[in-house]
Amino acid sequence: MTGLFSLNYGLERFTATTKRVTMKREIGRLLNPALKNIATYKVEGGQHAEIKLNQNESPFDVPMWLKEEIIGEFIKEPWNRYPDILPYRGMQAYADFLGISPDSVMMSNGSNEMLYTIFLACLGPGRKVLVPDPSFSLYEKIALLLQSRIVRVPMRPNLDFDTEAILQTAHDEDVDVIVISTPNNPTSKSLTFDDVRLIAESSDAIVLVDEAYIEFSRQRSILELIDELPNLVVLRTMSKALALAGIRIGFAIANPLLMAELAKPKIPFASSRLAEITLIQVLANYSLVTDAVLYILHERDKLFNELLSIEGVEPFSSDTNFLIIRVSDAEAVFQSLRHEGILVRNVSGYHLMENCLRFNIGLIEENRRIIEKLRSL
Ligand SMILES: *Cc1c(COP(=O)(O)O)cnc(C)c1O
């Protein structure tokens, strides 16, 4: 039974080499050849823990009074009717919030969905995308799916961006797209505003700047240059600082001419009525966000200093809502923390990040617990 049914069992489970080879060839013929280079997305350690610090979420849920307000509005919506093809209400609200034209803004079902849309618009067989390494793994996954070439530019050993190498490689390789997460996941480091500008100015490529963590950054957003730089696209998410990871809201911002093209592959009706209402309400109560960000920045600095004092733990200075530490045996520390109900992310597999762990800032008590545990190890 090497037919389609075997798909359910996952290729890994076939141990007999010959059988595996036959299987792969048969199934491979039916599917996108790029799939053989792509792994199923997994979150190591799962998504549940007493102290969950592994997905860079906000530790603060939306308060109950605001959830009730949102639900009260959502109830009045016609659930049997499609939402708008594109979520114009949400896009208008975010454009107003940013003080820009709604033509420059596109809303998506999480920024991951927007990444797919933008890459579909920009990539394809034979096209080239420059990605600093390490960076957000989804970039490479989508590029591989679209059978594009990935040009990796390593970070410096201290995990800082290597701007000169990015500029040089973009030029030498004549890339079509440059995608930069700044501040970057998983390194927690940023490019300066001037370096982002320099990269976008120096290249003819589409420069996609993923600002998922911009609210926590010491650098200001590159958004203000959207009208000046016709090749610049900024990506935003409501999953981190805005504490809406469960509702799925992302945005792209670009000049209207480029945006009209980028939006062509977009899945119609991808944002729900609930997402639009939630966004509008949270933006109207934005002091909740600024208060949470102030708390996180304060705790981040406090934790960083505490980590410095723990022997065998080397923290990296962070520009995000998470911290990277290097330990002597990341897997052992990961498991010890897990045993205590503390879930972090083992990012040791990334280039230059051997024996590194990543964890986001949590509630005061959660932060105290992780420090205490790290100290005891
Ligand atoms: C968390 C994160 C996102 C957010 O993705 P959503 O689909 O909006 O939840 C985007 N980019 C990076 C680099 C991230 O770390």
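What you see is a predicted model; the values in this text were computed from it and never measured. (Residues numbered from 1 in each chain as written. Predicted model: local features only at pLDDT ≥ 70, side-chain atom pairs only at ≥ 80, totals over all residues. Heavy atoms only, no water.)

With respect to the helices, strands and loops of the structure, L30 is situated in helix α1 (residues 17–30). Judged by relative accessible area, which is 57%, L30 ranks as exposed. For the pair L30 and V282, spaced 252 residues apart in sequence, the C-alpha separation works out to 45 Å. (Helix = DSSP H or I, 4+ residues; strand = E, 2+ residues; numbered from the N terminus. Buried < 20%, exposed > 50% of the residue type's maximum accessible area, 1.4 Å probe, protein only.)

What follows covers the site of the ligand. Lining the immediate environment of the ligand, one finds 14 residues, of which Y213, T237, S239, K240 and R248 sit closest. Within the backbone of N112, a nitrogen or oxygen atom sits 2.9 Å from an oxygen atom of the ligand. Residue N185 places a side-chain N or O atom 2.8 Å away from an oxygen atom belonging to the ligand. Notes on the ligand: free accessible area 390 Å², of which the protein chains cover 94%. When the residues that make up the shell around the ligand are grouped by side-chain class, the tally is four nonpolar, seven polar and three charged. (Near = heavy atom within 4 Å. Polar contact = N/O pair within 3.5 Å; in protein donor to acceptor, adjacent residues only side chain to side chain. Areas by Shrake-Rupley, 256 points an atom, 1.4 Å probe, with all protein chains shown as cover. Nonpolar A, V, L, I, M, F, W, Y, C, P; charged D, E, K, R; others polar.)

Helix-helix packing is characterised by the crossing angle of the two axes and by the distance between the axes. Axis separation between helix α2 (residues 64–75) and helix α9 (residues 273–284) bottoms out at 10 Å; the angle between their running directions is 135°. Looking at the two axes, α2 sits oblique to α9. Pair α2 / α9 crosses with right-handed handedness. Judged by residue contacts, L66, E69, I70, E73 and F74 of α2 engage R273, L274, I277, T278, Q281 and V282 from α9. Here the residues of the contact of α2 with α9 are counted per class, giving six nonpolar, two polar and three charged. (Axes fitted to C-alpha atoms, helices over the stretch in contact; angles between N-to-C directions. Parallel < 35°, antiparallel > 145°, perpendicular 65-115°, else oblique. Left-handed = near helix turned anticlockwise from the far one by under 90°. Contact = heavy atoms within 4.5 Å.)

Before going further, it helps to examine the pairing of strand β7 (residues 232–237). In terms of burial, β7 is a largely internal element, six of the six residues being buried. Alternating positions in β7 separate into two faces, L232, V234 and R236 on one and V233, L235 and T237 on the other, with burial throughout. In the sheet, strand β6 (residues 206–210) pairs with β7 via four bridges, with the strands oriented parallel. By the bridge assignment, L208 is partnered in β7 with V233. Note that β7 and strand β8 (residues 250–254) share five bridges and pair antiparallel. Bridging across to β8, R236 finds its partner in F251. (Pairing = 2+ DSSP bridges.)

Okay, the pairing of β6 next. Of all five residues making up β6, five are buried, and the element is well covered by its neighbours. The alternating pattern of β6 places I206, L208 and D210 on one face and V207 and V209 on the opposite face, and all of these are buried. Bridging between strand β5 (residues 177–181) and β6 involves five bridges; their strand directions are parallel. Opposite V179, over in β6, you have L208 as the bridge partner. As a crossover connection, the stretch from β5 through helix α7 (residues 193–202) into β6 is right-handed. (Right-handed = clockwise from strand over helix to strand, strands pointing away.)

The subject of this paragraph is the sheet that holds β6. Ordered by their spatial adjacency, seven strands build an open sheet running β2-β8-β7-β6-β5-β3-β4, and the pairing between neighbours is mixed. Both outer strands of the open sheet, β2 (105–108) and β4 (149–154), are each paired with one neighbouring strand and no more. Sheet twist, expressed as the average angle between the axes of neighbouring strands with direction ignored, equals 20°. Sitting on the sheet, helix α3 (residues 88–98) touches β2, β7 and β8, and the angle it makes with β2 is about 130°.

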